[in-house]
Amino acid sequence: MTQPSFLDLIGSGPDGWGPALAAGALMTILIALAGYAIGMVFGALGAWAKIAGGPISRSVAGTYTTVLRGIPDLLVIYLFYFGGSTAISAVGHLFGASGFISFPGFLAGALAVGVTSGAQQTEVFRGAYKAVHSGELEAAIACGMSPFLRFSRIIAPLTLRYALPGMGNVWQIVLKESALVSITGVVELLRQSQIGAGSTGRPFDFYFIAAMIYLAISTLSGALLQFGEKRFTRGVRRG
Amino acid sequence: MDFVFLYETFITLISAIPMTLQLAATSVALGTVLALGLALCRVSGIAPLNWLARAYIFIFRGTPLLVQIFLIYYGLSQFRGVRRSMFWFILRDPYWCAIIALMLCTAAYSAEIIRGGLLSVPHGQVEAGRACGMSRFLVFRRIVIPLAIRQSLPAYSNEIISMVKATSLASIITIMEITGVAAKLISETYRAIEVFIVAGAIYLAINFLLTRIVVLIEYRLSPHLRQAPALQPVAAGEMR
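Residues numbered from 1 in each chain as written. Chains lettered and ligands numbered in written order. Predicted model: local features only at pLDDT ≥ 70, side-chain atom pairs only at ≥ 80, totals over all residues.

1. What about the interface of chain A and chain B?
And then number 1: With 28 residues of chain A at the interface, the matching set in chain B holds 30 residues.
And then number 2: Elements with a contribution of two residues or more to the side of chain A that touches chain B: helix H3 (55–70), helix H4 (73–94), helix H8 (189–200) and helix H9 (203–232) of chain A.
And then number 3: Top contributing element to the side of chain A that touches chain B by residue count: H9 of chain A, with 10 residues.
And then number 4: Looking at side-chain class alone, the side of chain A that touches chain B contains 21 nonpolar, five polar and two charged residues. (Contact = placed C-beta atoms within 7 Å. Helix = DSSP H or I, 4+ residues; strand = E, 2+ residues; numbered from the N terminus. Nonpolar A, V, L, I, M, F, W, Y, C, P; charged D, E, K, R; others polar.)

Now the structure itself:
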């Protein structure tokens, strides 16, 4: 038996893993997007609590960001995956089901990535809100805007503009973190490479191509983010 | 809450703390040396060196650490040349593979931190050193490096903490550090939340201590930013 070449391995021929790897890459992007969206929600809530909350919600948000930025992401994924399975099995027993019911890996992974990135996103949003000039808020009040209008027309757009670079960083972190979700068995890029490496005995080729795909995704999305940053800061005068 | 179980978990996990600290300390120490080399390449002004360092940093910051670990631990064994080489006794050991991967990864991140520190040294200080007759190396050793270290310490503490967190990935290649032991406990007892609380608390304590230590070092290194201690008042008669 002859060994297929590297190009055969990653192509779409009979020995090719190209389509499988592409599907894995798509799954990676989906997990990252879902996790990022969840992180945005947690980040917005956390920043809101830290900026406008009372002492209780402030300390809750403070604990959340300290804890989630101080412990490894892998541990959080384990918590959601195994903890979620235990919880679901317990609920299942109430309804007469028996045995172990596993928690969907995609959901556990996206939640775990979302909760950890939410802690970083909180700080990004909070810092961006601080950068909004107080004169602009005063002007909005002076114009007679209601709190909702003030938020939707002045605070939210300006905060998002200042937050863009930080949000780009969080996206890159989330993308790389999504590789850890492979331990839950979700067939994303890294898991697919593991499967390929296992069945062909060519681990280096598969992990190498996986690394290159990750690099391509992060470079492309980085370029997109930079383009977005340029577009949304058109109105800003540069010194 | 089952305090007996929490206590037992705590006792089990404590035995894994040295492994986590060992992984983090070794890879940070080795990574710093590599990072200094990379940062010097970046600021050297020699185009090929600069591009080499840039490519290295781009690749290692753009790919997940777990992929790098797999590439080194599982990937390299694909080549017969590697299996027969004198380095095989290192490369077949998950402990050293984890350290190599962590070191290569942290070097890419810290190189940029160190570069920022090097660039922050005011040019006048270098000129003053040269004017005093110091050689380039002496200026670098006595002026540039101390100032750069002080400047980059805050960012460096973030990097150290993220390395402590990153050591958890070593558990995936069978190393029994805190997360590895925690995962084993979870799969044995199915009590994810309790184990998570204990393991998380240990990581938080480690990171809290590290942050304090770095703040202390920073305080010691920047006496010029503090008010000078008041001099002892001297009685007029003792004046000479």
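So that's the structure; there's more coming.
2. Considering unusual backbone geometry
Residues and elements named next belong to chain B.
And then number 1: Phi at Thr174 takes a positive value of approximately 70°, unusual for a residue other than glycine.
And then number 2: A tally of 11 C-beta atoms within 10 Å means that Thr174 is categorised as exposed.
And then number 3: Positive phi is not limited to glycine here, since Tyr190 has a value of about 55°.
And then number 4: Looking at where Tyr190 falls in the secondary structure, it is placed in the loop between helix H10 (178–189) and helix H11 (192–221).
And then number 5: For Tyr190, a count of 14 C-beta atoms within 10 Å puts it in the partly exposed group. (Buried ≥ 20, exposed ≤ 12 C-beta atoms within 10 Å, placed from the backbone.)

3. Observations concerning the UniProt feature "transmembrane region" (unreviewed entry) in chain B
And then number 1: Here the UniProt feature "transmembrane region" (unreviewed entry) sits at residues 21–45, 51–74, 95–114, 160–183 and 195–217 of chain B.
And then number 2: The span residues 195–217 of chain B shows a helical share of 100% and a strand share of 0%, and its end C-alpha atoms are spaced 33 Å apart. (UniProt positions renumbered as here; feature names shortened; annotations may be inferred.)

4. Brief notes about the nonpolar core
And then number 1: Among the nonpolar cores identified, the biggest contains 113 residues, and Ile77 and Tyr78 of chain A together with Leu66, Val67, Ile69, Ala101 and Ala182 of chain B are the most heavily contacted of them.
And then number 2: At 15 residues, helix H7 (residues 94–119) of chain B tops the list of elements feeding residues into this core.
And then number 3: Among residues more than four places away in sequence, those in contact with Leu66 of chain B are Ala179, Leu180 and Leu190 of chain A together with Leu169 and Ile172 of chain B. (Core = buried A, V, L, I, M, F, W, Y, C linked by C-beta atoms within 7 Å.)

5. A few points about the UniProt feature "domain: ABC transmembrane type-1" (unreviewed entry) in chain B
And then number 1: Per the UniProt record, "domain: ABC transmembrane type-1" (unreviewed entry) is found at residues 17–214 of chain B.
And then number 2: As annotated, residues 17–214 of chain B has a helix share of 83% and a strand share of 0%, and its two end C-alpha atoms lie 20 Å apart.

6. Here's the deal with the UniProt feature "transmembrane region" (unreviewed entry) in chain A
All names here are of chain A.
And then number 1: As recorded in UniProt, the sites labelled "transmembrane region" (unreviewed entry) are residues 20–49 and 206–228.
And then number 2: Annotation note: span residues 20–49, helix share 100%, strand share 0%, distance between end C-alpha atoms 43 Å.
And then number 3: Between the first and last C-alpha atoms of residues 206–228 the distance is 33 Å; the span itself is 100% helix and 0% strand.

7. Some words on the domain arrangement of chain A
All names here are of chain A.
And then number 1: Examined at the domain level, chain A breaks down into domain 1 (31–185) and domain 2 (187–233).
And then number 2: Here the C-alpha centroids of domain 1 and domain 2 sit 24 Å apart.
And then number 3: At the junction of the two partners, domain 1 supplies 12 residues and domain 2 supplies 13 residues.
And then number 4: Of the residues forming the side of domain 1 that touches domain 2, the biggest block, seven residues, is contributed by helix H7 (residues 147–177).
And then number 5: Here the residues of the side of domain 1 that touches domain 2 sort into seven nonpolar, four polar and one charged. (Domains from an automatic or database assignment.)

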